[in-house]
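Below are the chains, spelled out letter by letter.
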Amino acid sequence: MADIKKICLLIPSHYSSAIGGAEYQVMFVLDALCQNNSYDIHYLCRRVAPDFVPRGYKIRKVGRSNGLNRFGLYYDAFNVYKALKEIAPHIIYQNVGCAYTGIAAMYAKKSGAKLIWHIASDNDVVPAPEPIIMSRLTQSLDRLFLNYGIRNADIIAGQTQHQSDQLKRNFGRECNVLIPNGHPYPKNEIKKSEELTVLWIGNFKPLKQPEIFVRLARELGKTSNASFVMMGRPAGPAKWLDRIMEQIKIDSNLQYLGQVSQDEVNRFLGEGHILVNTSRYEGFSNTF
């Protein structure tokens, strides 16, 4: 048992409850780790599906999932730190730049554990104001934790050279390793549909700007023979989502499918012709 290393994955959401780009990538990291019997693996997160049963690792909730939009992740600081102390990991793998990055760095610095931080989005490494802004208190506090974590992580993994360049420019550090976004090759047949199909795929939240695609479908749908299809989990503020859904209902040339499985995403990509991305920023879009 002396050779067994404890590894703790610290991510805001488990892929069973909400699967975005980071959660999907972490799923593959976790699968690879579980194949190695030398690791005792723990997963800490704020959200996990209530009926999910992990295999090959232990999972533990920290924080309150119903407060995800109301409270910043810094709100979980005590519970996260306490869980890390009880697990006593040798290595912490933290993905998604947030307050958890800083909490993990604080624990690692005091305990001697190693922290690996994996950049999930270009926004993780852009300049951000250090002073606390009262009108955006939650975001400011989360960012202060994140900035501390970036400066004190032992190893930083990035997805692109651009992220490493931004990291050096804004924090005086460089990525220790670049791991390009990758997925298993889809088994779905690539067979284009007869009708020109334009796709938008992603979680519905403000930074993804789905309203731009809705406007695109409305303006081009009148003069083209193309069909426009959107798919993804509603994840933004309720009133904002209601406005977009009302706009989608008005346009007969636009179809919204909601959240679909990975196999369905691959099928649509295989049959579709144009994929549109309207995000303000990305890490590297899984759809690409």
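Keep in mind the model is a prediction, meaning the values are calculated, not measured.

Definitions and cut-offs
Residues numbered from 1 in each chain as written. Predicted model: local features only at pLDDT ≥ 70, side-chain atom pairs only at ≥ 80, totals over all residues. Heavy atoms only, no water. Salt bridge = Lys/Arg side-chain N within 4 Å of Asp/Glu carboxyl O. Helix = DSSP H or I, 4+ residues; strand = E, 2+ residues; numbered from the N terminus. Buried < 20%, exposed > 50% of the residue type's maximum accessible area, 1.4 Å probe, protein only. Expected span 1.5 Å × (residues − 1). Arc of directions from axis to C-beta. Contact = heavy atoms within 4.5 Å.

**Some points on the pattern of salt bridges**
Item 1. Here the structure, examined in full by the defined rule, presents seven salt bridges.
Item 2. A salt bridge links Glu 246 to Lys 249; the shortest N-O distance between them is 3.8 Å. Taken as a pair, Glu 246 and Lys 249 lie in helix H7 (residues 238-250) at a separation of three residues, close to a single helical turn.
Item 3. Of the residues examined, Glu 246 reaches a relative accessible area of 45% and is grouped as partly exposed.
Item 4. When the shortest N-O distance is used, the salt bridge between Glu 264 and Arg 267 registers 3.1 Å.

**Comments concerning H7**
Item 1. Helix length check: H7 (13 residues) gives 19 Å between terminal C-alpha atoms against 18 Å at 1.5 Å per residue, within 8%.
Item 2. When we look at burial in H7, the residues that qualify are Trp 240, Leu 241, Ile 244, Met 245 and Ile 248. The buried residues of H7 occupy an angular sector of 130° when projected down its axis, which confines them to one face. Projecting away from the buried face of H7 at angles above 90 degrees are the exposed residues Lys 239, Lys 249 and Ile 250.

**As for the environment of Phe 268**
Item 1. Mapped onto the elements of the fold, Phe 268 is located in helix H8 (residues 262-271).
Item 2. Phe 268 sits in the buried class, given a relative accessible area of 15%.
Item 3. Note: C-alpha distance between Phe 268 and Asp 242 (26 residues apart in sequence) is 25 Å.
Item 4. Ignoring anything within four residues of it in the chain, the contact list for Phe 268 reads Leu 199, Val 229, Met 231 and Leu 257.

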